[in-house]
Structure formats: C-alpha cells, structure tokens
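Remarks on the overall topology
One letter stands for each residue in the lines below.
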Amino acid sequence: MIKVNMFSFQNINALNGTAKFAKLFTENDCFFKDNGIQMEVFSNSSAFSDEEIFRKGLRYKLNQWIKKILSFTVLGNIILVRIAIFRNAEKAVNQYLSSNCRDDKDNTVFLFNDYFTLLHFLKIAPDKKNLIFIMHNNGDVLKMLFDKYPRYKKSKEAHKLMSSQISILRKVDLIVFVSKKAQERFNKTYPFFKEKTKTVYIGHKDSGQISKCGTESLKMITVGTVSKRKNQMGVLKALTEIGDPDIHYTIVGDGPMLNRCKNYITKKDLCKQVFLVGSKNNVKDYMLDCNLYISNSRDEGLPIAAQEALECGLPVITTDVGGCSELIAGNGICIKPGNQNLVKAIKDINSRKSLIDGMMKNSRTLFLKKFTLETMFDQYLEIFKNMCKGVK
C-alpha cells in the first residue's frame, strides 16, 4: 500500500478554496484506501471546526482588530506572517513528526498544499523523496503572500524567501498547478523545471442540483473573501453605472473590504439590489437561487467558487486573470479587468436573457468534462502510483 502524507498550514475547516481542497482528501479517505492509498492529512485545524460560527465570535473580531493594527508597518507584517503562516506550517509538520513517521518508506508520498509547509518540512527532512507541491495561484510562488502582506515584501526575511525559491523547488519531484495558464506562466519563468510540472483541475462532488431561478431578471452572485483582490466593489460600481433596479447581486463572504462595501451600498441606495450574507457553509444554496456568477478578481489561480457555479449550471462572467479563461466555453464572457468591460458584459447578458438557458447547459457540460471529483482523484491516483512505481 502507498502512504500519502498531505500538509496544509491552513485550517481545513476554513471556507477558502485551498482549505476546501485539502478537506476533500480527508472526506474521501475511503476512496483512496479502496485504491491502495493510505491517506493522512496534517493541518492546523485546532482553532475552529466551523468558520461560519467562528467569525461571529469575539475571538475572531479581536484577531481582525489586531491584524488591522499590525498591517501598517513592516514589523507588523513580519509578525502577522510568522503567526498566521509560519507558525501554522510548523504545527502541521510537527503533527507529522508526532505520528508514526518513522515507518515511512520509499512508497511514501509527501503532498504539500502550500509553499510554507514545504519549506518547514525540508528544514527537518531535507533528504526525503517523492515530494509534490501544489500551487493554488497564478504560477507566481509568493505573489499571494506579498499581495496580502505588502509591507512584508520589504523585509530581509522576504528577500531570503525569494532568493531560496529555486533551491527549494529543485528538491520537489512534481509541481502541480490548478490551471494550465498558471503552469504556462511558471514554465516561462522557470523553464528548467518544465519536465516536472503538471496541471490537475480541482474537482467537486456533483450534487446534481441545477439553478431553477428562471431568466426574468438577472440574479448575480459572487462568493469569496470580500477584498481588493476579489474586487466585489467593482461589481457594485458597475451596478451603479448600469442603473437597472431589476438586477440583483448577492455577495457571499466576509473580509477587509466588507465595511466599505456596506457603506457604498448605503450611499448609492443599492440596499434593495445587493445582499451581503456573510460567510456561509451552504454556498450552493445561494447559487441555486441565482442565474449568473461574477468573478471580478484582479488576481486568481482558478477560483473554486466559480467551478462550483459551473456545477450549479450558472453562466459566468470572469476577468481574464490566472486560469479563469479556462472556465469559459460558450457559457459566459471572459473580460479584461476594468469596470467598463464588466459593465458591458453585464449589459450584454441582461439584454439577451433568452440565451441564459443555453449557457447554463454549457456550464454543466464544462463542469462534467473538467471539474468532477472523480476526474481529479483519478489523476492523483495515477500520480501517486507512478511516483512509487517499482517500489515494493
């Protein structure tokens, strides 16, 4: 039997895409066991088991206040990165060290859901083989870190991180991307690693539920952290410019831009059009009551929420960032980032609502072709078995 140890610095009960991906492996360990794989996931999952409930508590609000204070200085950013990322990466690896890791043999695979658990693991086990690094971004290893903690990039610690990238990646046997565009970008930057890169789309269990909300009016939805990166504010500004009160927009998620969005909604009198519902576990219930998904991000890997929208049969308007163009195949519009482009796309679909039914069918077709859980797991099974081929 092949043993797979998966590492993630994030709490796998969190509602973001990377955490959801890791949780798929814990929830489906029986599938892997039936196929000769012993799967174990090591992560920082002690903080909470339900993020929707956790975000309503005093501890979360206090954490957000502290983060805001620390975000204004380089030293504060260093503290945040060390606590929120490096400490949690160390916890995940220490869980592995406390387990039966001495039993690991040549038929053991190490699967890293982020760069930071990989970094810490190589500090304590520099000679381990069969290492797989999954990149949930646009092909730039540290871009999301520096986008979230911009002042951290000015630190000596960050410069050390950047200078060590190539030596760390040399020790990895396979680098897996969540989109072909991300793989292409990475290979262009690091052509000498091209032979050990591969794309595997994130898969989702098909519930078979499809939106039935009709096409009388546009009911749009976005799911994700309310932030500058996801740019929900841009959608609100587009709604203001369009000025059609029959277009409705639901924002599922919480984040640093939430209060600004609330203030803008009140200022522009959009309260009857826009619904802020917060972070939710039952995201698909909200999608099933809509007929258009909006991904207006400034930067992405390949958003999981948009893939879930395909599962629900929603047409998609997405900005052409990361691998988002891979979500479009006769089921929506891919636009260059910019508010005028978004306004034009929404107006286009709103003026041709009779085409929505056809786009919904195309979304389902694309989902079933590329983004099912079975397709993803079959590819990972092949990766694990090929990596341990010839090992008894």
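Per chain, the residues get numbers from 1 upward, laid out in the order the sequence is written. Per-residue local features of the predicted model are confined to residues with pLDDT of at least 70, and side-chain atom pairs are confined, for both listing and counting, to 80 or more; whole-chain, interface and lining totals are unaffected and use all residues. Hydrogen atoms and water are omitted, and side-chain values are computed over all heavy atoms in the structure.

Points about the nonpolar core
It is characteristic of soluble globular proteins that their nonpolar side chains tend to be buried jointly. Counting 51 residues, the largest nonpolar core has F25, L111, M287, Y293, M376, Y380 and F384 as its most contacted members. Among the elements that line this core, the one with the most residues is helix α17 (residues 373-387), at 7 residues. Here a residue-residue contact requires only that any non-hydrogen atoms of the pair lie within 4.5 Å. If we skip the residues at most four places from it in the chain, M376 touches F21, L24, F25, V200, Y201, I202 and G203. I78, Y96, F110 and A182 belong to the second largest nonpolar core, which has 39 residues in total. By convention a nonpolar core is built from buried Ala, Val, Leu, Ile, Met, Phe, Trp, Tyr and Cys residues, the set being connected through side-chain atoms within 4.5 Å. Between buried and exposed lies partly exposed: a residue is buried under 20% and exposed over 50% of the maximum accessible area for its type, with that area taken using a 1.4 Å probe on protein chains only. Under the DSSP-based scheme used, a helix requires at least four consecutive residues in state H or I and a strand at least two consecutive residues in state E, with every element numbered from the N terminus.

Some thoughts on unusual backbone geometry
Of note in the backbone geometry, N130 takes a positive phi value of approximately 60° without being a glycine. For N130, the location among the structural elements is in the loop between α6 (115-124) and β4 (131-135). The residue N231 is not glycine, and still its phi comes out positive at about 60°. Mapped onto the elements of the fold, N231 is located in the loop between β7 (219-223) and α11 (232-242).

Comments concerning the pattern of salt bridges
The term salt bridge refers to a pairing of a side-chain nitrogen on Lys or Arg with a carboxyl oxygen on Asp or Glu at a separation within 4 Å. Per the counting criterion, the structure on display carries 11 salt bridges. One salt-bridge network, in which partners are shared between bridges, spans K143, D147, R229, K230, D299 and E300.

Regarding the sheet that holds strand β8 (residues 248-252)
Strand order in this open sheet of 6 strands is β9-β8-β7-β10-β11-β12, and the pairing throughout is parallel. At either margin of the open sheet sits one strand with a lone partner, and together these are β9 (274-278) and β12 (332-335). Pairs of neighbouring strands in the sheet enclose a mean axial angle of 20°, with direction left out of account. Here, a strand pair is defined by DSSP locating no fewer than two bridges between the strands. Bridge analysis of β7 against β8 gives 5 bridges, and the strand direction is parallel. Bridging across to β8, V223 finds its partner in V252. Where α11 meets the sheet, its contacts fall on β7, β8, β9 and β10 (292-295), and the angle it forms with β8 comes to roughly 170°. Note on method: axes are straight lines fitted to C-alpha atoms, helices fitted across the in-contact stretch only, with angles between N-to-C directions ranging 0 to 180 degrees.

Topic: the layout of surface pockets
Reported here for the second largest pocket is a volume of approximately 570 Å³. Residues are said to line a cavity or pocket when one of their atoms sits within 4 Å of a point; the points come from a 1 Å grid over protein atoms alone, cavities being sets where a 1.4 Å probe fits but cannot get out and pockets being open sets with protein on both sides within 12 Å along at least five of seven lines. Lining the second largest pocket are 22 residues, and of these K20, L24, E27, K284 and E308 lie nearest its centre. Secondary structure elements with two or more residues in the lining of the second largest pocket: α1 (17-27), α13 (283-287) and α14 (304-311). Polarity classes work like this: nonpolar for Ala, Val, Leu, Ile, Met, Phe, Trp, Tyr, Cys and Pro, charged for Asp, Glu, Lys and Arg, and polar for all others, with Gly in that last group. Of the residues belonging to the lining of the second largest pocket, the class tally is 9 nonpolar, 7 polar and 6 charged. Grid points are joined across faces, edges and corners, and a volume is the space filled by probe spheres set on the points.

Focus on the side chain of T318
As for its placement among the helices and strands, T318 is situated in strand β11 (residues 316-319). The residues touching T318, leaving out its near neighbours within four places in the chain, are S295, C324, I328, I333, C334 and I335.

Looking at the packing of helix α5 (residues 74-98) against α6
Look at α5 against α6: their axes get within 8 Å of each other, and the N-to-C directions meet at 55°. Classified by the interaxial angle, the pair formed by α5 and α6 is oblique. The interaxial crossing formed by α5 with α6 has right-handed handedness. Counted together, I85, F86, A89, E90, A92, V93, N94, Y96 and L97 of α5 and F116, T117, H120, F121 and I124 of α6 form the full contact between these two elements. Of the residues assigned to the contact of α5 with α6, the class counts are 10 nonpolar, 3 polar and 1 charged. Each angle gets one of four labels, with under 35 degrees taken as roughly parallel, over 145 as roughly antiparallel, 65 to 115 as roughly perpendicular, and the rest as oblique. By the definition used in this description, the sense in which the near helix is turned from the far one sets the handedness, with an anticlockwise turn below a right angle giving left-handed and a clockwise turn giving right-handed.

Section: the packing of aromatic side chains
Each aromatic pair joins two rings of Phe, Tyr and Trp (for Trp, the six-membered one) with centres within 6.5 Å, and gets the label stacked for planes under 30 degrees apart, edge-to-face for over 60, and tilted for any other angle. Scanning the entire structure with this criterion turns up 31 aromatic pairs. Taken together, a centroid distance of 6.3 Å and an interplanar angle of 55° make the contact between F21 and Y380 tilted. Placement of F21 in helix α1 and of Y380 in helix α17 is noted, with a sequence separation of 359 residues between them. Take F21: its relative accessible area is 1%, and that puts it in the buried class. With a relative accessible area of 1%, Y380 lands in the buried category. When the centroid spacing of 6.1 Å and the interplanar angle of 40° are considered together, the rings of Y190 and F193 count as tilted. Across the pair, F193 and Y190 agree in class, each one buried. Taken together, F21, F25, F31, F32, F377, Y380 and F384 form an aromatic cluster joined through their ring pairs.

Remarks on the pairing of β10
In β10, alternate side chains face the same way, and those of L292 and I294 on one face and Y293 and S295 on the other are all buried. Where β10 lies against β11, 3 bridges are found, and the strand directions are parallel. Considered in β11, the bridge of S295 is made with T318. With the strands pointing away from the viewer, any crossover whose connection runs clockwise from the first strand over the helix to the second is right-handed. Following the chain from β10 across α14 to the adjacent parallel β11, one finds a crossover that is right-handed.

Regarding the pairing of β4
Counting buried residues in β4 gives 5 out of 5 residues, a clear majority hidden from the surface. Burial of the side chains of β4 extends over both faces: L131, F133 and M135 are buried on one face and I132 and I134 on the other. The sheet contact formed by strand β3 (residues 108-112) and β4 spans 3 bridges and is parallel. Following the sheet pairing, F110 is matched in β4 by L131.

Some words on a positive patch on the surface
A patch consists of residues whose relative accessible area exceeds 30% and which take part in no salt bridge; residues with like charges are grouped when within 9 Å of each other, and nonpolar side chains (Val, Leu, Ile, Met, Phe, Trp, Tyr) when within 5 Å. Only the protein chains shown count as cover for residues, and all accessible areas are computed by the Shrake-Rupley method using a 1.4 Å probe. Charged residues are defined here as Lys and Arg on the positive side and Asp and Glu on the negative side; His and the ends of the chain fall outside this count. In plain terms, the charge of a residue is placed at NZ if it is Lys, CZ if Arg, CG if Asp and CD if Glu. A cluster of basic side chains, namely K68, K228, K237, R260 and R298, defines a positive patch on the protein surface. Its place among the elements puts K68 in helix α4 (residues 58-70).

Without other data, these values stay purely geometric and don't point to any function.
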